[in-house]
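Read off the chains here:
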Amino acid sequence: MPTLTLHNTLSGRKETFNPVDPERITLYVCGPTVYNYVHIGNARPVVAFDVLFRLLKRLYPNVVYARNITDIDDKIIQAAEENDEPITALTQRFTVAFEQDMAALNAQPPTITPHATDHVDDMVAMIRTLVEKQHAYAAEGHVLFDVQSMPEYGRLSKRSLDDMLAGARVEVAPYKKYAGDFVLWKPSTDEQPGWDSPWGRGRPGWHIECSAMIARHLGPLIDIHGGGQDLIFPHHENEIAQGCCAHGTDYVRYWMHNGYINIDGEKMSKSLGNFRLVRELLKHYPGEVLRFALLSAHYRSPLNFSEELLQHARATLDSLYYALLGRGAQIEPEPGYTLPDDHPVNLALCDDLNTPEAISELHRIAAQLNKAGDADKPRLKAELLAAAGLLGLLTQTPSAWFQQGGGSDALDSAAIDALIEERSAAKKGRDFSRADAIREQLERAGIVLEDTREGTRWSRRPANTD
RNA sequence: GGCGCGGUGGCAGAGUGGUUAUGCAGCGGACUGCAACUCCGUAUACGCCGGUUCGAUUCCGACCCGCGCCUCCA
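Note that the structure is a prediction, hence the values are computed from the model and not measured.

Novice: I'd like a rundown of the packing of aromatic side chains, residues and numbers included.
Specialist: Inspection of every chain in the model, using the stated rule, returns 9 aromatic pairs. Plain terms: the ring middles of Phe17 and Tyr60 are 6.0 Å apart, the flat faces sit at 80° to each other, and that makes the pair edge-to-face. Linking Phe17 in the loop between β2 (13-16) and β3 (25-29) with Tyr60 in the loop between α1 (40-59) and β4 (63-67), this pair joins segments that are 43 residues apart in sequence. Each member of the pair, Phe17 as well as Tyr60, is classed as buried. Between Tyr251 and Trp255 the ring centres are 6.1 Å apart and the planes differ by 40°, which places this aromatic pair in the tilted class. A single burial state applies to Tyr251 and to Trp255, both of which are buried. Taken together through their ring pairs, the aromatic side chains of Phe17, Tyr60 and Tyr254 make up a single cluster.

Structure follows, in C-alpha cells:
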C-alpha cells in the first residue's frame, strides 16, 4: 500500500497519514450555511475532499465522512425575514439545491450529513461541560468561551492572543471578559428562533455545532478535518478550543485547508459580491467541466476562475473522451481490471492529492491508448477509466459526453441521422459540394461531423465556444 | 502593524540538488475529398541579489512584487 501524505495546517508541512484507528477513518468537512445557492468557491472543498474520500476508501476498509448542514444562523434568520418565509422552508429548499448542485459535480454523498438543528441538545451539553470546566462563562444571556483559559489557543492559525487583538477591527461587546472570547450561546428574542437552555431561551454560536456533531458522530478525536482557508481563523481555531477543552483530548490529527478561488486575481466571496453560482454555471457547462476545472490546480493553490479555464477544461475532457471513443470499432474495456497500488495516478493522489500530476498521467494513458494496437486497447481503456474514476472523472459514455446539451430548439438525433445519411450518399456519388453543404448546415446548428472508417459520427459543440 | 502563502516557458500548471513534467496555443510534417481526431518532430522557463555546493529553478539569507488572514466568508 502506498504511503499517504497530507499537508497539515497545524505543522505547515506534509506529513505521513497515521490514522487513530485504521479500521475506522474519520473525516469531517465544513458544509454550507443554507440561505442561498452555493458558489463555485463553496464547491471547491466539496470536490477536493470528495477526491480524498474516494482515495481513503481505496486505502482503508471503513471511512466515515461527515459534512454538516448549518441550518441555524443569523444570515438564515435574516434571509427568511426578507423572503417572508418560514426558516425551515428556506433551509430545506437550499439544502436540496446544494445536494443537487454537488451531485452535478459528481461529488459522492458523505456517509453522514448532520444538521445543526438536530443537535442543539448536544451543543447545550457541550457548553455546559465547558462552563463546568471553567473554560466558559455566562454573561447577560450569552455564554462565552474564555480563550485565556487555554494556553494553546492560536496554535492552528499561528497567532498569539496579543497579535490577534492588535489588528482587531471589531467592537468588543461589553459582556466579554476578554476581547478575544467568542460566543457559544446567545439569547433569542421572541421573534427569533430559540431553544431552552440553562441560560435562557437562545441559539448556538457558529462554532459549537461542528464540535458537537463531530463528538456525536465521529468521536472526541478525529483523523482529518477539512475546509476552506478562510475557516482557519476563527472557526477552526475555536473548534479546537471547544473540542480539546470539553473532552480533555486532542481534537483533530490532520487539518486540511483548500485555497481560494479568485476572480481577476481577487478572492471570490459572498461579501465582495463577485461570486459565480454553481447553479448558473451548470446552465452553460456540464458539471464534469466544473469538476475538472476545480481539479486542474492543486487544492491548496489559488485558482483563477474564468471563462478561459472552463473552455480549457472542456477541451481537455473532449480529448480524453476521444481516446475512450477510439477512431474505429468500439473498444470494450478489459473486464475485472483494477488499478494497481503503484499506479502513477494513485501515487500522485497519495502525495497530498496532487490532482494536476494525476491528470497529466491521464494524458499519458490516453496517448498510449490512441497509439495502441487492437490487442492492447481493452486494457488501456480499462486503465484510463479506473484512473479517472479515482478522480471522479470520465464517468459518462463518450457518446453521451459528446452528444449532451442542446436546447429545446436543437435538432433531434433522428433529424441529424437523416442528414448524415443523405451526406453519406452524396459522398458516395462524389457530390462533395452537397456533402459540404450538409456539414455546414449542421455546423450552424451546433453539430460537428467526423468521418471515421466506421462511418460518420456527430457531437454537439456549445454555441459559446469560439 | 502582526502572522501566513506565493512568484516556473505565450497561457494554465506540476516537480526536482545535476538528463523531457503535462495540457492548450505556436511552428514543421504525416493522415484526410474537405474537415475533425490522431500521430511524428520542434522552439520558449524557473522574480532580483548574495551564500552553501563540483553543480541551484530546487537549500540558506536579504530584497522586490503579488495575495490572504487578524473574529460574515469555502
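Novice: Give me the domain arrangement of chain A: which residues, what numbers.
Specialist: You can read the domains of chain A as domain 1 (18-262), domain 2 (306-395) and domain 3 (413-460). Placing the centre of domain 1 and that of domain 3 at their C-alpha centroids yields a distance of 56 Å.

Novice: Summarise the UniProt feature "binding site: ATP" (unreviewed entry) in chain A; cite the residues concerned and give the values.
Specialist: Per the UniProt record, "binding site: ATP" (unreviewed entry) is found at Lys270. Topologically, Lys270 is positioned in the loop between β12 (266-267) and α8 (278-284). With sequence-adjacent residues up to four places away left out, Lys270 is seen in contact with Tyr35, His39, Asn42 and Phe275.

Novice: Run through the pairing of strand β10 (residues 252-258), naming residues and quoting values.
Specialist: Of all 7 residues making up β10, 6 are buried, and the element is well covered by its neighbours. The sheet contact formed by strand β9 (residues 222-228) and β10 spans 6 bridges and is parallel. Residue pairing in the sheet places His225 in a bridge with Trp255 of β10. The handedness of the β9 to β10 crossover, carried by helix α7 (residues 232-247), is right-handed.

Novice: Account for the nonpolar core, with residues named and values stated.
Specialist: Considering soluble globular proteins, one finds that nonpolar side chains tend to be buried as a cluster. Counting residues in hydrophobic clusters, the biggest one holds 88 residues, and the most contacted among them are Ile40 and Leu56. In terms of residue count, α1 provides more of this core than any other element does, 12 residues in total. Each of domain 1 (18-262) and domain 2 (306-395) gives at least three residues to this core. Sequence-distant contacts of Leu56, that is, excluding residues within four places in its chain, are made with Leu4, Phe17, Ile25, Leu27, Val63 and Ile224. Residues Phe182, Leu184, Leu218 and Ile222 belong to the second largest nonpolar core, which totals 46 residues.

About the thresholds
- Residues numbered from 1 in each chain as written.
- Chains lettered and ligands numbered in written order.
- Predicted model: local features only at pLDDT ≥ 70, side-chain atom pairs only at ≥ 80, totals over all residues.
- Heavy atoms only, no water.
- Phe/Tyr/Trp six-rings, centres within 6.5 Å; stacked < 30°, edge-to-face > 60°.
- Helix = DSSP H or I, 4+ residues; strand = E, 2+ residues; numbered from the N terminus.
- Buried < 20%, exposed > 50% of the residue type's maximum accessible area, 1.4 Å probe, protein only.
- Domains from an automatic or database assignment.
- UniProt positions renumbered as here; feature names shortened; annotations may be inferred.
- Contact = heavy atoms within 4.5 Å.
- Pairing = 2+ DSSP bridges.
- Right-handed = clockwise from strand over helix to strand, strands pointing away.
- Core = buried A, V, L, I, M, F, W, Y, C linked by side-chain atoms within 4.5 Å.

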